[in-house]
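Topology and contacts: notes
Residue strings, one per chain:
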Amino acid sequence: MRIATSMIYGAGLASIQKQTASLLHTQQQVASGRRILTPADDPVAAARALEVEQAKNTNALYRTNQKTAGENLGLVEASLVSVGDLLQTARTLAVQGGGGALTDSDRRSIAGELRQRFDELIGLANATDGSGQHLFSGYMGDTTPFSGSVATGVAYAGDEGQRLLQVSDSRQIAVSDSGNEVFMRIRNGNGHFVTAVAAANGGSGVIDAGAVTDPALWNAAGNNKDFTLRFAVDSGVEPPVTTYDIVDNVSGNSLLTGAAPGAAPYPRTFTPGQAIVLKSQGAEPAFDYGAQFVVSGSPADGDTFDVDASSSQSLFATLGNLIDALEAGTAGGGNTLLANRIGFALRDFDQAEENLLRVRAGIGSRMNEIDSLASAGEDLDLNYAQTLSRLRDVDYAEALTRLTQEQGYLEAAQKSFMQVSGLSLFNYV
Amino acid sequence: MGTSVFNIGVSGLAAAQAGLLTTGHNISNASTPGFNRQQIVQSTNTPQFTGAGYLGQGANVVTVKRVYSEFLANQALTAQTRLAELNAYADQIRQIDGLLADSSAGLSSALDDFFRGVHEVAANPASIPARQSMLSMAQALSGRFQSLDGRLDEIRDGVDTQLGSTIADINSYATQIAELNQRVILAQAAGPNQPANDLLDQRDQLIADLNRQVRVTTLNEADGSLSVFVGNGQSLVVGNRAFGLAAMPSGEDASRMTVGINLPGGGTAALPEAMLTGGTLGGLLAFRRESLDAAQNALGRIAIGMAETFNAQHRLGQDLNGALGGDFFTAPAPQVLYPNSPLNGGTADIGVAVASADSLTTSDYRLTADGGGNYTLTRLSDNTTLFAAAALPQTVDGLTISLNAGAANAGDSFLIQPTRAAAGDIAVALTDARSIAAAAPIRTAAGNANTGTGAVSAGSVNGPPPTDANLAQTVTITFDNPPTTFDVNGTGTGNPANVAFSAGGDITYNGWTIRISGTPAAGDVFTVSANGGGVSDNRNALLLAGLQTGKTLAGGSASYQSAYAQIVSDVGNKTREVEVTITAQENIEKQALDAQQSLSGVNLDEEAANLLRYQQAYQASGKMIEIASKLFDTLLGLGR
């Protein structure tokens, strides 16, 4: 092949330029630590890196939200612990107030202390977070949720909203519980029914909270859940015989006879402390509501007790009832009424406590979930960082080797060009 | 006899001198661009017949020829025009590639920041600083859209400017070629059959230069002139006349510069872009058509899609003042361009609105009228006819195309660019931080007297906006005995009774949906009411934040971020493709040039050898004259 002199220069220059270009590219990679200088270097990896980066940023956001959620739940939990302590104190005071050795004025001073606790409870229920938002008002963070007094009762002004936070791609976690859920919607009695005593009772009969032995039977369609327990005492015999009847207040009939309630003596004979079952015995018409309760002491002739389906009663109302009972003392109904009412208060405290535990258990499990999400989030973060590094970052060992290699090539190209271009026949002419 | 020897010596002397001249010419032009080495063509003189046969009469130089192959030259031209096209394309697309590579200038970081702001509001819905920060981030995001779009506009302006300067270059080359044609015609007329080598070289070099600007075809005419054609055969140079190209606004889109050719009879005709290939001009046009338009349309689609989807969700929420949310972004509107030349004959005013953001494509569309009230729509990216001879309004590809007023004549056409300008038009509509609709407008509650285990969900508002007029009316759901059905009571519901209940199933009235799970008891009551004072409610903010990763674009296949990643990948791929092709094309060009130079290029060693050769020939011829002279002296000496 014939070679023109311009080809020697052209080829020499082109190869030097080519080597310089790749050397510069490698140098930029090494200097910036980036494998991809522009998307053209690796379009697929560049686009993928953008998406991974977004995922990493979103994950960081979720981790922030997890911390916020943890803090919020911590605040709620702390408030609820205080409410629990307050409940314990009130329960102790209730038991103390029921002691027979106390005078009515002692009871009034206990009631006075309970009034302090009542105000404290309202304060706890109106707690706010760091930014002044009420913890227990649902969505209505600016609205003070609870207001009222022992005399007027306490009303809830919030709503039932639960504030949520996005703590992972697929999980929104509740960081609040509405005040209605925590303080207001508490079943009274034993959760199924509530026992009550007639204020006019003359005997020493004290009714307990009762129990449902079979919820399916209790909730069956035929159960009217509204009964009156009537006692009669036949004093003509020695010892006197106490009998009782159970009247269904909806149908108006006696459960024990199936007909309109008759006169004393009543169908069943009463033994103090023995369970009164809502189930047919012996020759009685068949019925079974799966429930029972105990009347201890000695009811007087004509004493009555009521059994009703339980309803919602706020913690404030329960505390208020206790205060009322202690302030009323033994006036009017004597010790029996007081004992009954303190019993009812303790029973409702049990329900409130159970409700509180339920709410706190929910918070606890959510905090656990946040903890496990947080550690998963940490792993993910590391994962994303590794992926990003793999996609974008330069492999220094490889790049530096390449740099040296390309440097060698360039030097060789320069040297050989100088040698070849120096050859000319004119040197000898 | 003596004269003959003299004559032969002189003829050799003259031939050697011509050889030396040509060699010198070659040496001095060794680095002249476009120079083809020249050679003398030496021949024997007519011999003289004698009784002893033919006696040679020395040498003469027939012509000086350039060593040139049209085939090899054309190969080099083809390689060069393609390389110039690719280089022009690469220079332009590298600007977009670099723009997207810069993570501080790209869209990703602004998108991430904005949605961090949305999450912040979701975490602290009542916090004015959090809301203000979300607004600022939104402004930064729309600013980023605008600056990216502005940069693409700058690149577009740059293409227009370069089109102008390239056309000026082309016109200058055309004029010079016409002038050289004239000189070649004169030169060759003066010496028939003797080529005007250096003029031809100059003209070929001009053709090569012109070819780097735009691909041309040439035709050798009998008079020695060269005709030059561009596009699909439009004359650029004929004989000694040059017709120039001109930059002119496109007939469809007055803001777009395109290329026209000056006609022999006066006036300028637009050249179809697809016909102008090769060279810088072809590269610029191809870049604008294939990459720039696509990138700007795709960016605009993200802007329009994000504005539309974010607004739709925002309008389902409730702000801090208790009012329903308004538009968060000013959604950019698709644009309709009316032709500037020839103008439409009719008066039709075409309106285009976005019907569904997820169906939008990145293409432009052409609407043509048949004059009878029917229209045909063509999607320009793939030349698909979306509807033919149909009356407006029509909804296709997420666009509703309607006739606002007037009527179109047959042949009237409209260019629809749904997303081209969108990235530049997006703005934040909200100014008051309190107007961010972080809450949902309804709330639900279960009655405290309920005895069953039924629980009601927080409820959601059904899209798309506008919301139901009775959305915030208080509605009560009361379970019947037995609790397998319920009664609904509230304005707007029609107060239906005995609606069958299924646990966890959707219950929808007045534009909201709730679910009641568990087992409600007879008489249990659930209510849905207005969310008055719900300042800590973040339900809508959570839904807004969810849009970041929601696949809301490209038929539900892409999120905002992945649509952007798609642009980055498309531009990156195209840049890489062009760069790889350039490497290949450089090799092809090098081979073609090497082949051409191998034949026509000057080799100085060869010329040095020639120099020696002709020098020796000259010396030898000189010696011959000396000998002839001595011979003559010998004869003269005989007479002494």
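Residues numbered from 1 in each chain as written. Chains lettered and ligands numbered in written order. Predicted model: local features only at pLDDT ≥ 70, side-chain atom pairs only at ≥ 80, totals over all residues.

A short note on the overall build of chain B
- Along the backbone of chain B there are 10 helices and 30 strands.
- Relative to the compact-globule value of 26 Å for 640 residues, chain B shows a C-alpha radius of gyration of 41 Å, a clear excess of over 25%.
- For chain B, the spread of C-alpha atoms along the three principal axes comes to 165 × 50 × 40 Å.
- Burial status across chain B gives 43% buried among its 640 residues. (Helix = DSSP H or I, 4+ residues; strand = E, 2+ residues; numbered from the N terminus. Rg over C-alpha atoms; globule rule 2.2 N^0.38 Å. Buried ≥ 20, exposed ≤ 12 C-beta atoms within 10 Å, placed from the backbone.)

Considering the sheet that holds strand 13 (residues 304-309) of chain A
Residues and elements named next belong to chain A.
- Ordered in space as 5-13-8-9-10, the five strands form an open sheet in which the pairing is antiparallel. Only two strands of the sheet have a single partner each, and these edge strands are strand 5 (193-197) and strand 10 (268-269).
- Direction of pairing for strand 8 (residues 226-234) relative to strand 9 (residues 241-248): antiparallel, over a ladder of eight bridges. The residue of strand 9 that forms the bridge with alanine 232 is threonine 243. (Pairing = 2+ DSSP bridges.)

Topic: the interface of chain A and chain B
- Facing 50 residues of chain A, the contacting portion of chain B comprises 58 residues.
- Mapped onto the side of chain A that touches chain B, the elements with two or more residues apiece are helix 1 (5-32), helix 2 (43-97) and strand 3 (164-168) of chain A.
- Top element by residues in the side of chain A that touches chain B is helix 2 of chain A. It accounts for 13 residues. (Contact = placed C-beta atoms within 7 Å.)

Focus: the nonpolar core
Residues and elements named next belong to chain B.
- By size, the foremost hydrophobic cluster in this structure holds 228 residues, and its most contacted members are Ile177 and Ala303.
- Take this core: its biggest share by element is 19 residues, from helix 4 (residues 128-190).
- Leave out the neighbours within four places in its chain, and alanine 303 touches Phe145, Pro332, Ala422, Ala423 and Ile426.
- Of all hydrophobic cores here, the second largest spans six residues; its members include Ala15, Ala16, Ala59 and Tyr614. (Core = buried A, V, L, I, M, F, W, Y, C linked by C-beta atoms within 7 Å.)

Description of the sheet that holds strand 9 (residues 245-249) of chain B
Residues and elements named next belong to chain B.
- Strand order in this open sheet of three strands is 9-10-11, and the pairing throughout is antiparallel. Edge positions in the open sheet fall to strand 9 and strand 11 (268-270), since each of these has one partner strand only. Each neighbouring strand pair of the sheet contributes to a mean axis angle of 45°, computed without reference to strand direction.
- Pairing geometry for strand 9 and strand 10 (residues 257-262), over five bridges, is antiparallel. Across the sheet, alanine 247 pairs through a bridge with valine 259, a residue of strand 10.
- Strand contacts of helix 4: strand 9 and strand 10, with the helix running at about 155° to strand 9, the strand carrying the most contacts. (Axes fitted to C-alpha atoms, helices over the stretch in contact; angles between N-to-C directions.)

Describing the pairing of strand 7 (residues 234-238) of chain B
Residues and elements named next belong to chain B.
- Pairing analysis gives three bridges linking strand 6 (residues 226-230) to strand 7, with the strands arranged antiparallel. Residue pairing across strands places valine 230 opposite glutamine 234, the latter belonging to strand 7.
- Where strand 6 folds back on strand 7, the antiparallel hairpin that results is connected by three residues, among which glycine 231 adopts a positive phi of roughly 60°.
- Sheet analysis places strand 7 next to strand 8 (residues 241-242), joined by two bridges and oriented antiparallel. Bridging across to strand 8, valine 237 finds its partner in alanine 242.
- In this structure, the hairpin formed by strand 7 and strand 8 is closed by a connection of two residues, where glycine 239 is found at a positive phi of approximately 60°.

Quick word on helix 3 (residues 104-125) of chain A
Residues and elements named next belong to chain A.
- With 22 residues, helix 3 extends 31 Å from end C-alpha to end C-alpha; this agrees with the ideal 32 Å at 1.5 Å per step.
- Considered for burial, the residues of helix 3 that qualify are Arg107, Ile110, Ala111, Leu114, Phe118, Leu121, Leu124 and Ala125. Projected down its long axis, helix 3 carries its buried residues within an arc of 120°, all on one side. For helix 3, exposure combined with an orientation more than 90 degrees from the buried face picks out Ser105, Gly112, Gln116, Asp119 and Gly123.
- Buried residues belonging to helix 3 abut helix 2, strand 1 (146-149), helix 4 (179-184) and helix 6 (315-328). (Expected span 1.5 Å × (residues − 1). Arc of directions from axis to C-beta.)

Re the packing of helix 3 (residues 107-123) of chain B against helix 8 (residues 539-546) of chain B
Residues and elements named next belong to chain B.
- Look at helix 3 against helix 8: their axes get within 8 Å of each other, and the N-to-C directions meet at 160°. Considered as vectors, helix 3 and helix 8 are oriented roughly antiparallel to each other. Where helix 3 crosses over helix 8, the two elements pack in a sense that is left-handed. Mapping the contact onto sequence places Phe115, Val118, His119, Val121 and Ala122 in helix 3 and Ala541, Leu542, Leu544 and Ala545 in helix 8.
- Grouping the constituent residues of the contact of helix 3 with helix 8 by class yields eight nonpolar, one polar and no charged. (Parallel < 35°, antiparallel > 145°, perpendicular 65-115°, else oblique. Left-handed = near helix turned anticlockwise from the far one by under 90°. Nonpolar A, V, L, I, M, F, W, Y, C, P; charged D, E, K, R; others polar.)

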